[in-house]
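The residues making up each chain are set out below.
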Amino acid sequence: MSSRALKRLEKQRNESLSNLASDSQEVSESEESEYESRPKTAFNAFALLNDNDESEQEEEEEEEAIEKDDKEERKEEPKSSLPPKKSKSSKKKKKNKKPAKKPLDSDEELDQILIEAKKKDEEKARKSKGPSTISKDVDEDEYDFEAEYDEILEPAPNYDSNFKQFTTNRLKQSLPLLSIGSIRNLDPDHEFRGLFGNLSMETIDDANTTTSLAISPEVLQQFKKLAKLTRGWCGKDRRGVPGTTRKLLLTRIRDDWLPTTQKPMSMEELKFNEIINYLDYKEDTADFEDLEFKLKKELSLGVKYFRFNKINTTQERVANSRFYASVVMTPDPESLMHLLQQYPYHAETLLQVAMVLLRQGSDKSTSNALIEKCLFVFDRTFHKNFHELLSESKTGLVRLPYESFLNRQFYLCLFRYIMNLGERSTFMTALSYCKLLLSLSPAEDPLGVRYFLDHYSIMSEEYEYLIKFSKSPLATTYEKWLTPGLAFSTVLAYLNLDDFENAKSQLKVAYQRYPYVAYKLLELIGLSHDIPIKEHEIPINDEILLAAETYLVRAGIMWNDQSKREFLHDELIRLFKEEKLNSSKGSLASSIYGLFSSFQKPDTPNKEIPFNLIRFAILSGENKIMAKVPESVWAREDVYEYDILPPQNNTVKYNEFTGVNTKQDQVVDSLLTYVDQNVIGSIIQNQTEEDDFAEVLRQLQLQETQQVQPEDVDQD
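Residues numbered from 1 in each chain as written. Predicted model: local features only at pLDDT ≥ 70, side-chain atom pairs only at ≥ 80, totals over all residues. Heavy atoms only, no water.

Peer 1: Honestly, the overall build of the protein chain in this entry has me stumped. Any pointers?
Peer 2: Per the secondary structure count, the protein chain includes 35 helices and 5 strands. Taking all 716 residues of the protein chain together, the buried fraction comes to 49%. Relative to all contacts within the protein chain whose residues are 6 or more apart in sequence, the contacts with residues 24 or more apart total 72%. Accessible surface computed for the protein chain: about 36800 Å², of which carbon and sulfur atoms make up 49%. (Helix = DSSP H or I, 4+ residues; strand = E, 2+ residues; numbered from the N terminus. Buried < 20%, exposed > 50% of the residue type's maximum accessible area, 1.4 Å probe, protein only. Contact = heavy atoms within 4.5 Å. Areas by Shrake-Rupley, 256 points an atom, 1.4 Å probe, with all protein chains shown as cover.)

Peer 1: What exactly am I supposed to notice about the sheet that holds strand β2 (residues 304-310) here?
Peer 2: Two strands in a sheet stick together by hydrogen bonds in their backbones, pointing the same way (parallel) or opposite ways (antiparallel). Pairing within the open sheet is mixed, and its 3 strands lie in the order β1-β2-β3. Lying at the two open borders of the sheet, with one neighbouring strand each, are β1 (265-269) and β3 (398-399). Relative to β3, β2 runs parallel, the two being bridged by 2 bridges. Bridge pairing in β3 links K304 to V398. (Pairing = 2+ DSSP bridges.)

Peer 1: Would you mind showing me how to read the pattern of salt bridges here?
Peer 2: For side chains bearing opposite charge, pairing can occur when the charged atoms are close. Applying the stated rule across the entire model yields 30 salt bridges. As a salt-bridge pair, E146 and K297 come within 3.2 Å of each other at their nearest N and O atoms. One end of the pair, E146, is in helix α8 (residues 146-150); the other, K297, is in helix α14 (residues 288-301), with 151 residues separating them in the sequence. Note that R239 and D187 form a salt bridge whose closest N and O atoms lie 3.6 Å from each other. Pair noted here: R239 is in the loop between α12 (217-229) and β1 and D187 is in the loop between α9 (168-178) and α10 (188-196), with a separation of 52 residues, a long-range link. Residues R239 and D187 agree in their burial class; the two are buried. Beyond isolated ion pairs, a larger network of salt bridges with shared partners links D144, E146, K294 and K297. (Salt bridge = Lys/Arg side-chain N within 4 Å of Asp/Glu carboxyl O.)

Peer 1: Can you help me understand the packing of aromatic side chains in this one?
Peer 2: By convention here, two paired aromatic rings are described through the distance between centres and the angle between planes. Overall, the coordinates contain 33 aromatic pairs when judged by the stated rule. Chaining the aromatic ring pairs together yields one cluster made of F306, F308, F378, F382, F386 and F410. Over the face of the ring belonging to Y402 we find R408, whose NZ or CZ atom lies 6.0 Å from the ring centre. It is K435 that lies over the ring of Y465; its NZ or CZ is 4.3 Å from the centre. (Phe/Tyr/Trp six-rings, centres within 6.5 Å; stacked < 30°, edge-to-face > 60°. Lys NZ or Arg CZ within 6 Å of the ring centre and 35° of its normal.)

Peer 1: What is the right way to look at the environment of R408 in this model?
Peer 2: As for its position among the elements, R408 is in helix α20 (residues 405-423). Here R408 is in contact with Y402, E403, D643, P646, P647, D669 and S670, once residues within four sequence places are set aside.

Peer 1: I tried to follow helix α17 (residues 347-360) on my own but got confused; where do I start?
Peer 2: In an α-helix, one turn spans 3.6 residues; hence positions three or four apart end up facing the same way. Taking 1.5 Å of rise per residue, the 14 residues of α17 would be expected to cover 20 Å, and the 20 Å separating its terminal C-alpha atoms lies within 8% of that figure. Most of α17 sits inside the fold, with 11 of its 14 residues counted as buried. Along α17, the residues classified as buried are A347, E348, T349, L350, L351, Q352, V353, A354, M355, V356 and L357. In the stretch just after α17, G361 is the one whose phi turns positive, near 75 degrees. (Expected span 1.5 Å × (residues − 1).)

Peer 1: I would appreciate a short explanation of the packing of helix α23 (residues 463-471) against helix α25 (residues 484-496) in the present structure.
Peer 2: When two helices pack together, their arrangement is captured by the angle between the axes and the distance separating the axes. Axis separation between α23 and α25 bottoms out at 9 Å; the angle between their running directions is 140 degrees. Our classification of the angle between α23 and α25 gives oblique. When you trace α23 past α25, the crossing you get is left-handed. Contacts between α23 and α25 involve Y463, L466, I467, F469, S470 and K471 on the former and, on the latter, L486, S489, T490, A493, Y494 and N496. Taken together, the residues of the contact of α23 with α25 break down into 7 nonpolar, 4 polar and 1 charged. (Axes fitted to C-alpha atoms, helices over the stretch in contact; angles between N-to-C directions. Parallel < 35°, antiparallel > 145°, perpendicular 65-115°, else oblique. Left-handed = near helix turned anticlockwise from the far one by under 90°. Nonpolar A, V, L, I, M, F, W, Y, C, P; charged D, E, K, R; others polar.)

Peer 1: Is there a simple way to explain the side chain of S321 in this structure?
Peer 2: Within the element layout of this structure, S321 appears in helix α15 (residues 314-329). From its side chain, S321 meets the backbone nitrogen of D676 in a polar contact 2.6 Å long. Ignoring sequence-local partners within four residues, the contact set of S321 consists of V675, D676, V679, I680 and I683. (Polar contact = N/O pair within 3.5 Å; in protein donor to acceptor, adjacent residues only side chain to side chain.)

Peer 1: Explain the nonpolar core here, please?
Peer 2: Taken as a class, soluble globular proteins show a tendency for nonpolar side chains to be buried jointly. Y433, L440, F488, L521 and W559 are the most contacted members of the largest nonpolar core, which totals 167 residues. Among the elements that line this core, the one with the most residues is α20, at 12 residues. The residues contacting W559, other than those within four sequence positions of it, are F488, V491, L492, L495, I525, Y551, K564, R565 and L568. (Core = buried A, V, L, I, M, F, W, Y, C linked by side-chain atoms within 4.5 Å.)

Peer 1: Before we go on, may I ask you to explain the packing of α15 against helix α16 (residues 333-342) in this structure?
Peer 2: With their axes 9 Å apart at the nearest point, α15 and α16 run at an angle of 165 degrees to one another. Viewed along their axes, α15 and α16 adopt a mutual orientation that is roughly antiparallel. Note on packing geometry: the crossing formed by α15 with α16 is left-handed. In this structure, α15 uses A319, R322, F323, S326 and V327 to contact α16, whose residues at the interface are S335, L336, L339 and Q342.

Written out as structure tokens, the structure reads:
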């Protein structure tokens, strides 16, 4: 008997038992619903798997099932007599079961249950993990204090804590300028192909295998044999490292680098409460809730914060202590050389020895090789998410707080490498690294990338990029962000594009902002010595002198065309005659800051020279620039080449002999955080003898085995 016949019999029985003829249609619908509910256990699973479960398909499936098994028909026949017994209350049940009539409704209910269960799981996870998992979603009802700053169109004369005027909306506008475009732009070999034609891979590989360090052929052969035994080392593309399938992004492994599976450091992605601690450390005006709101908006944009960490092993603590003794306590370059031989991947030692060789001037290639080797140390340590964002050229979304000591070492390594690329005339690659270095902290810019970004833009002929940068919030949010280099180099960029009208208007802006630089340009590269104004008539201070020198030391190289020099001379003479040096609001000369006397809170200098300008001046290595640095800076106790003017945290007291026992959750750390008291004590008593260091090392290793530290066991 078919299902249709069963339906007809059931309908007849229901109509005969019904008292009201007008309710026959409702009863038939109830019978159909009851009939459809009979094979409920058989069809509910299909409803979950497939949403296209219409009534016609169900009937066909019922017919096939009845024809295959006669027993099922016999079981279903007595069930067909049940509906008349329940017909008295069919109306009530019909109302109660109305939402569950269609299979689609049951799917919707299931989706709602799954959504509610997911929300409950998320709430449990938030409660279990604590404040580190605060929602990144921005509440629309929450007060947006950044909206007031978005309405401000004029640049701020001074910095504020956390650079709140550089809002999330302005950051979003600046993301294309912070992007490197392609990861290939960070490879100098890619630029060499453009400069010297399509170089073969054999030629490039031959250049990469050339050793720059003093190493004997016997030791080099041992390194090659060890590289074959170290699984995952190097690879055909020279970008493979053990322990991960990710490739190196910034460097290629050279033959004279010791193959090893151990990493001297690690990298982690910061949680919400950790980032808030960094922001709150520098804050002195905004409320804590405003900082949370600002951070939520950044995270919703896709920004991620990271931090490099040292691995707490005996060898690493000994290397840190010996480095501190050789640089701070008793400066000794020879001791640094021995330290580098024993710890070839100690980042601080690599950078410091590179600077020692650079100052000696005898072996610049070895110095550059050590900087590249230090870059490799950081490159192999990249976090998975950091590696992904960098490989996708989303450099505008990565942040490295400058308060972390190893983060500062990475900043320093990138700065040294940019100088190295400039000496090799790979200006396009150097500009890409400038974008990367600036993106790590675009508001704070701790090493002053803005003071030489214009130079690499002009030398790489990226004129349109420089013009866009000078008009973007990265240069217009604060007065000091439009550096003398950006202001006057943009004029040259317009001239190279044959846009003389915009060049004139931009030169007027640069003249009004930096009249002292305009005066010095006429003296340096102008064609006339009859300047219609005297130097002493221009208001200057220490900051203006130092900022001007950062541009003047490179201006002659960029303004090398005679016709452009004539344009600069004629227009500046006209401006000096027509424009008066009054105390206009937009002029930096009108903002005469006090003499450079003391430093208060780091990187928020309202009345002092900006810290990033001082760091840039010292790291540039240019004697003319360093001569403009006030003497009070050199008298400070925290001006070291490995860490110039680090952020200070007065809430944490450092002890030179208990650096290992300091708090792990402190906001600001330094090299003293990672030294070992036993090694420092041995250095003071025994004057850095190698035998004594070996004895101390054996004692420390014995102590670790007795204490059985879980962290060291996992890392080893």
